[in-house]
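# Results of the structural survey
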Amino acid sequence: MSKMLIEMGISEIDILGGEPMLVPWMIDFVKHAASSGISLNISTNGSLPDVINEFAEINTDSINVGFSIHGFSKTHNSLTMSNNYSNVIRGIRIMIEAGKNPIVKSTLMQENKYEICALISYLAELGVKRYYLLHEDIIGRQKYSNFFSFPEFWKFYSNIKTDLAGVLDISFVAASGFYTHEPQSHERCDAGIKKIAVLPDGSAFPCNLFAGFEEFCLGNIFEDGMEKILRSPILESFRKYDGNNRCIRNNCGHYLTCRGGCPAHSYYFYGTFDMADPRCAINPKSAIHSF
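This text gives an overview of the structure that appears in the document.

What counts, and where the lines are drawn
Residues numbered from 1 in each chain as written. Predicted model: local features only at pLDDT ≥ 70, side-chain atom pairs only at ≥ 80, totals over all residues. Heavy atoms only, no water. Axes fitted to C-alpha atoms, helices over the stretch in contact; angles between N-to-C directions. Helix = DSSP H or I, 4+ residues; strand = E, 2+ residues; numbered from the N terminus. Parallel < 35°, antiparallel > 145°, perpendicular 65-115°, else oblique. Left-handed = near helix turned anticlockwise from the far one by under 90°. Contact = heavy atoms within 4.5 Å. Nonpolar A, V, L, I, M, F, W, Y, C, P; charged D, E, K, R; others polar. Salt bridge = Lys/Arg side-chain N within 4 Å of Asp/Glu carboxyl O. Buried < 20%, exposed > 50% of the residue type's maximum accessible area, 1.4 Å probe, protein only.

Orientation of helix α2 (residues 26-35) relative to helix α3 (residues 49-56), taken along the N-to-C sense of each, is 15 degrees, at an axis distance of 11 Å. The angle between α2 and α3 places the two elements in the roughly parallel class. Here the hand of the crossing between α2 and α3 comes out right-handed. On α3, the residues touching M26, I27 and V30 of α2 are V51, E54 and F55. Grouping the amino acids of the contact of α2 with α3 by side-chain chemistry returns 5 nonpolar, no polar and 1 charged.

What follows covers unusual backbone geometry. With an omega of 0 degrees, the peptide bond running from G17 to G18 counts as cis. Positionally, G18 belongs in the loop between β1 (12-15) and α2. The backbone of M81 sits at a positive phi, close to 50 degrees, despite the residue not being glycine. Following the sequence through the fold, M81 ends up in the loop between α4 (73-80) and α5 (85-97).

Now for the environment of S237. Secondary-structure assignment places S237 in helix α9 (residues 236-239). Sequence separation of S237 and G192 is 45 residues, and the distance between their C-alpha atoms is 9.6 Å.

Right, let's talk about the pattern of salt bridges for a bit. Tallied over the entire structure, the rule returns 4 salt bridges. Taking the shortest distance from any N to any O, the salt bridge between D224 and K228 comes out at 3.7 Å. According to the relative accessible area criterion, K228 is partly exposed, its value standing at 47%. Between R246 and D274 there is a salt bridge; the shortest N-O distance is 3.3 Å. Linking R246 in the loop between α9 and α10 (263-270) with D274 in the segment after α10, this pair joins segments that are 28 residues apart in sequence.

In structure tokens form, the structure reads like this:
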């Protein structure tokens, strides 16, 4: 697959899971792609320290390894339904001791919101220099009332970035439909325009959040090739977006840089792109009273 992607002119690959380091050929894939000049970002839960050791030995700066950790031991293990906290910390230490610069990521949730600041400070003590706070994806939930709206997420993120300025570099990850850097853009999000998701079997989708919807399958890169996939009529609804914000809350401070959130969330919960992502709304149950 790496040879095919290189020939297509792909310059950056994000490798997500599940746990991608469980794939037996992942190390070889990453080495081959990195040696060809492709930048790679691979996310791991840190559960396989021996594989982390192999990644730490790869002599290139074009690979970013991101570790997911969602709180201290009790909270992290509870949220991930695992006993993996110590392995994550061990993996982070392995990368730092090898002279690498790992990224550490946490998803902001009700269960961990009071630990995030202390966790960031602890990570800085370990030698972590890059940290990302993630806005929670709620696709697949039957009950989704206990989430942070984007305005609430942004307030939390802005506060910790200010409060912990100088401790380490803090950034965020949220749906591009919530935060566009180009206010005049006529795109709701990056799906199908600036990125394409490819599953291990070669099937392609506008983004990974659409992978659960067969009606959004663009084809298979092994059978159809990328050129045909990029000409799929399915992508027309992404490329011909009218630029109007699907959220009706025009008094929101994010209105001018928002396009109504993630279309995959709109489609999952409402069956249409013409509704705003439910995470647009302020949710009284998730109000932040202290940090």
